[in-house]
Each structure stands twice: as C-alpha cells, then as structure tokens.
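A look at the structure
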Amino acid sequence: MNTLMDIRQELQTLASSAPAIIAATTTTAELADAEAAITGKRSPIAMARRGLGKIDPEQRRDVGILIKQVADALQHDIDQRRNELTESEETAALAADAVDMTLPGRAPVVGTHHVIQQVIDEIVDIFVALGFTVARGPEIETSFYNFTALNIPDTHPSRLESDTMYVDFGDADEGVLLRTHTSPMQARYMEQHDPPVYVVVPGKVFRADPLDPTHSPVFHQVEGLAVDTNITFGDLKGTLEMFAKQFLGKDTEVKFIPHYFPFTEPSAEMHAFSNGRWLELLGCGMVNPAVFENVGYDPSAVTGFAFGMGVERMAMVRHGIQDLRHLLENDARVLRQFV
Ligand code: PHE
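What counts, and at which threshold
Residues numbered from 1 in each chain as written. Predicted model: local features only at pLDDT ≥ 70, side-chain atom pairs only at ≥ 80, totals over all residues. Heavy atoms only, no water. Helix = DSSP H or I, 4+ residues; strand = E, 2+ residues; numbered from the N terminus. Expected span 1.5 Å × (residues − 1). Near = heavy atom within 4 Å. Polar contact = N/O pair within 3.5 Å; in protein donor to acceptor, adjacent residues only side chain to side chain. Pairing = 2+ DSSP bridges. Contact = heavy atoms within 4.5 Å. Axes fitted to C-alpha atoms, helices over the stretch in contact; angles between N-to-C directions. Salt bridge = Lys/Arg side-chain N within 4 Å of Asp/Glu carboxyl O.

Some words on helix 5 (residues 115-129)
For an α-helix the count is 3.6 residues per turn, leaving residues at separations of three or four pointing the same way. For helix 5, spanning 15 residues, the distance from its first C-alpha to its last is 21 Å, which sits close to the expected 21 Å at 1.5 Å a residue. Immediately beyond the C-terminal end of helix 5, within one or two residues, lies G131, with a positive phi of roughly 105 degrees.

A closer look at the site of the ligand
Not every one of the 14 residues close to the ligand is listed here, only the nearest: H181, S183, R207, Q221 and G308. Between H181 and the ligand, the recorded distance is 3.0 Å, taken from a side-chain N or O atom to a nitrogen atom. With respect to the ligand, the side chain of S183 contributes an N or O atom lying 2.9 Å from a nitrogen atom. Among the elements that take part in the shell around the ligand, strand 10 (residues 303-310) stands out by supplying three residues, more than any other.

Some points on the sheet that holds strand 1 (residues 133-134)
A sheet is described by the order of its strands in space; here seven strands give the open sequence 1-5-6-10-9-8-7, paired in mixed fashion. On the outer flanks of this sheet lie strand 1 and strand 7 (253-261), each paired with one strand and no other. The pairing of strand 1 with strand 5 (residues 197-206) spans two bridges and is classified as parallel. Each bridged residue has a counterpart across the sheet, and for T133 the counterpart in strand 5 is V199. Across the sheet, helix 7 (residues 184-192) is in contact with strand 1, strand 5, strand 6 (218-228) and strand 10; its angle to strand 6 comes to roughly 40 degrees. Along the sheet, helix 8 (residues 233-248) makes contact with strand 7, strand 8 (264-274), strand 9 (277-287) and strand 10, crossing strand 9 at roughly 145 degrees.

Observations regarding the pattern of salt bridges
Note that side chains of opposite charge can pair when their charged atoms are close. Taken as a whole and judged by the stated rule, the model has 10 salt bridges. One salt bridge connects E141 with R188, and the closest N-O pair in it is separated by 2.6 Å. With E141 in strand 2 (residues 140-142) and R188 in helix 7, this pair connects stretches of sequence that are 47 residues apart.

By themselves, these are just geometric observations and shouldn't be taken as functional.
Right under this line is the structure:
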C-alpha cells in the first residue's frame, strides 16, 4: 500500500527521469510507447491518483496539486516532442517521395525499319507512284503456282529438292513448298483480277542455297506485273529504266541482255551502270501467252510485262554493302547506319 512518502518519492523520480526518456525517443511510435509508460493506466501518475483516496484528507489537496503539476509538465514535454518528431517524419517522407522536375527526361528509344524493309518500301513507292497497286501472297506455295502455272515444265531442274525446299514433295502439281520466287503471285493475281493489271508484290522467298556473301536460303523479292490491251517491250524498257534512275540516280544507264525464263517471252536481264561498273539488277520479259492461258486470260486480247528483283541485292547496290550476311546478323552497329 502506498504511503504519502512513497507517492511523493515516486512522483519526484518520475519528474526527474521522464524528460530524458521523452527526449531520447526518435519516432512517434517510440514516443507513444513512452507516453503510455509515463502517463498511461499503469503509470506512476495513474497509481498516484488511485492512491489519493487513502491519503489523510488534509494532505490530499497538496498531493493532488503535485500530481497535476508533474503530469502537466510531462504531458507538455511529450506534446512538444510529438510535434518535433511528426515534423521530421513528414519532412523525411516528402524527401523520399521527391521528384526532381528539372532533371532531363528519359527519351524513349525509337526503332526503325530494317534496311531490307526500307529498300522494299523505296522500290514499292516508285511503282505506286506510277499507278501500280501492292499485293502479297503466301510464302508456302503449291508446285502448281510456283512452277506449273508459270509454264515451268515438270522436268525443270529448279523443281528438284536440291534447289527447292519442300514442305511436302508430292506429285507434279500437288507438292507443297516454300516459294522460290514471288512469280506465283502473277498467276494468283490474274486468276483473281480481270485485266488491266498493274501490281507489285514484295515478299520473302526461299531456296536451298547455303549462306555466303551473295546467297541466302531466305531472301526477298519484289515482283511486278503489268497487263493491258497494248503493252509493248518499249513499255517494259521505259518503266524499268525509269525505275533504275529513280532508285540509283537520274544519270544511271541501263541495258537489256537477252535471257530465258519460261514465263516470259522474250526475256531479259536489266543491267545498270552504277559506281563504275555494270550490275545485274533484275529479270524481266513479256508475259508468255501460255501463262495467260493458264490463268484464264485471252492471249489474243492482252499483252503484258513482268519483272522480278532481289531486294538484298538492290540494298547492297544502293548502300555499297559487300556481304549479304551483314543484312541478316542484326548487329545494331550495322543497322544503326541505316536509320
Ligand atoms: N522469278 C524470276 C526469278 O526469281 C524473276 C522474274 C520475274 C523474271 C518476272 C521474269 C519475270 O529469277
């Protein structure tokens, strides 16, 4: 049981030790714990208040005043410390969340089209400006469209598995293969559209060639086909010469050298004089009437020309790239030069 002396003693001890405890707290949470110990239900102050009833009534008033003085003084210290800690905690939280609006932003890295796609777009744009439309076709073809419809005989060596990558070898027209050129789209497009036809077809093609500086088993071509009532070899020459001048420069000279393709007659290769030497640019010719028959066109009513060019080759000529493999390795140091 508390005596008067005990109560006074405890209050004095508390009054002298508590301020240091309050001052030593470093967070509002620590302070809340200290406050409970100093002024809470089980604190010496609460005990003292509870003990008042047992004190001689004459002393009660003085002790009551003493309790209140000690309690008020400590509460004042606690409230002051709470203000300090709250403020520094808010300051720290703001600092942790701070965004420096004056820092330079991080610009997103903008990608570009691969140089092969850029060259496809350049080629296609030149023909679109002349009124050609653009079509695309399947990369997996049948032997029929890749060969037969194009007047390529069953015995032609390009049908062999040593040249053509087959998905399913099959009989003459039933084979399924990776198209070896974009020319099958000549037949597909004419089957689907009545003349006149002015179309270019960019796309991937596949051949059983090992990768070397000038060959790749996968490459790209742009096919062209013009069919109308009076198309002549002069139209072919004029169109392709104009293309060469647009693509390689207006002083570019071209020449046409006789060649053979089963689906054009006559056929030619167009060569262009660029950077001091003659380069083979593309294959071309007047659409063979046999192809018109295969697709249901009347060969006595229409004539046309067709051409096909290798995109990687055009890219190499255009940009002076010596080795085709540079275009395929995805080395950013190479590709960044064509942004
Ligand atoms: N398809 C031929 C090739 O891949 C190119 C070509 C297309 C030739 C159209 C004439 C007409 O070599």
